[in-house]
Amino acid sequence: MVDIFNPQVSVVTKGLEGKLILIYGTNRTGKTSNAVKASKPLVVGFERGLNAISGVPYVPIKNWNDWTNTVKQLTGTKSEEAKNLYQTIIVDTIDAMGDLAAEYVSGVYGVPSIGAGNRGYGLWKEYSAEINKWLRLLTNSGYTVIFIAHDDTREFLDEKGEKYTKVYPRGDKRVVDPIADLCDFICFAQPVAASDGSENLSTLYLVGSRSFHAGSRFKYIT
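For the structure given in this document, a descriptive report is provided here. (Residues numbered from 1 in each chain as written. Predicted model: local features only at pLDDT ≥ 70, side-chain atom pairs only at ≥ 80, totals over all residues. Heavy atoms only, no water.)

## Focus: the pattern of salt bridges
Here's step 1: For the structure on display, the rule yields 6 salt bridges.
Here's step 2: D177 is the partner of R154 in a salt bridge, and the nearest nitrogen-oxygen pair spans 3.1 Å. Of this pair, R154 sits in strand 5 (residues 144–157) while D177 sits in helix 6 (residues 173–182), and the two are 23 residues apart along the sequence.
Here's step 3: Residue R154 is classed as partly exposed on the basis of its relative accessible area of 22%.
Here's step 4: Linking E155 and K163 is a salt bridge whose minimum nitrogen-to-oxygen distance equals 3.8 Å. (Salt bridge = Lys/Arg side-chain N within 4 Å of Asp/Glu carboxyl O. Helix = DSSP H or I, 4+ residues; strand = E, 2+ residues; numbered from the N terminus. Buried < 20%, exposed > 50% of the residue type's maximum accessible area, 1.4 Å probe, protein only.)

## Description of the environment of A116
Here's step 1: By the secondary structure assignment, A116 is in the loop between helix 4 (94–108) and helix 5 (124–139).
Here's step 2: Sequence separation of A116 and S106 is 10 residues, and the distance between their C-alpha atoms is 8.5 Å.

## Points about the layout of surface pockets
Here's step 1: In this structure, the second largest pocket occupies an estimated 220 Å³ of space.
Here's step 2: Looking at the lining of the second largest pocket, the elements with two or more residues in it are helix 2 (64–75) and helix 3 (79–85).
Here's step 3: Its residues assigned to classes, the lining of the second largest pocket shows 6 nonpolar, 2 polar and 2 charged. (1 Å grid on protein atoms, 1.4 Å probe; cavity = no way out; pocket = protein on both sides within 12 Å on 5 of 7 lines; lining within 4 Å. Points joined across faces, edges and corners; volume = space filled by probe spheres on them. Nonpolar A, V, L, I, M, F, W, Y, C, P; charged D, E, K, R; others polar.)

## Considering the packing of helix 2 against helix 4
Each packed pair of helices is defined by two parameters, the angle between the axes and the distance between the axes.
Here's step 1: One way to put it is that helix 2 packs onto helix 4 with a least axis distance of 9 Å and a crossing angle of 110 degrees. When the axes of helix 2 and helix 4 are compared, the pair comes out roughly perpendicular. On the side of helix 2, the interface is formed by W64, N65 and W67, while helix 4 contributes M97, L100, A101 and Y104.
Here's step 2: Split into classes, the residues belonging to the contact of helix 2 with helix 4 amount to 6 nonpolar, 1 polar and no charged. (Axes fitted to C-alpha atoms, helices over the stretch in contact; angles between N-to-C directions. Parallel < 35°, antiparallel > 145°, perpendicular 65-115°, else oblique. Contact = heavy atoms within 4.5 Å.)

## Looking at the side chain of T68
Here's step 1: Relative to the helices and strands, T68 resides in helix 2.
Here's step 2: Apart from the residues within four sequence positions on either side, T68 is in contact with E130 and W134.

## Observations concerning unusual backbone geometry
Here's step 1: The linkage connecting D92 with the following residue, T93, adopts the cis geometry, with an omega of 0 degrees.
Here's step 2: One non-glycine residue, R28, lies in the positive phi region at around 65 degrees.
Here's step 3: Tracing the sequence through the fold places R28 in the loop between strand 1 (20–25) and helix 1 (31–35).
Here's step 4: Residue R28 is classed as exposed on the basis of its relative accessible area of 78%.

## Concerning the packing of aromatic side chains
Here's step 1: What the rule picks out here adds up to 10 aromatic pairs.
Here's step 2: Ring geometry for Y205 and F212: centres 5.0 Å apart, planes at 45 degrees, overall tilted.
Here's step 3: The partly exposed category is assigned to Y205, whose relative accessible area is 30%.
Here's step 4: Overall, F212 belongs to the buried group, its relative accessible area being 12%.
Here's step 5: An aromatic cluster is built from Y24, F188, Y205 and F212, whose rings are joined through pairwise contacts.
Here's step 6: The ring of F156 has K166 lying over it, and the distance from NZ or CZ to the ring centre is 4.8 Å. (Phe/Tyr/Trp six-rings, centres within 6.5 Å; stacked < 30°, edge-to-face > 60°. Lys NZ or Arg CZ within 6 Å of the ring centre and 35° of its normal.)

Printed below as a string of structure tokens:
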């Protein structure tokens, strides 16, 4: 029972433990290869992002049931056993996750696409509910969760009502926006060209601008 006279007191933990992170950017910016350096990672692979990385535990996700079964194992009766093995769950990528969710919901209702369901009005509420159900289970379970996404653009209105476009994580807004709202960090990875033949590096932006979306819940970041 909730007791407002004996409330819990929030504590900001150091490090990345329990944090929710979204990293997005174009290909070859090191999103996955850097994410797997986090403590005790498990890659939940909606696409093949580990072709050039050896020695990382992963589960291939070929359909929506693979995803829901993975979340159940991470958060269910054996969650403590799972946490002994894994501390960081890497979801790669969220746009591919959205595609499988749409395929699943369409199949449940026997229609060719989300938009064709509900007599042409669409199954958007059902689609959102299905995605959020499993996101909540995973993100409320104490793991560090790193979501990986590709980049795209989205149109916005400024304070004068004029339209402008900025770089934004790729995917259906019913997938991207709930994840962005949940995350403690939204990070934009941008390649830095090396003109002298040295290793190509990337810059990870944690503060957004009119050109790209990024941000953090924390006032100061080391």
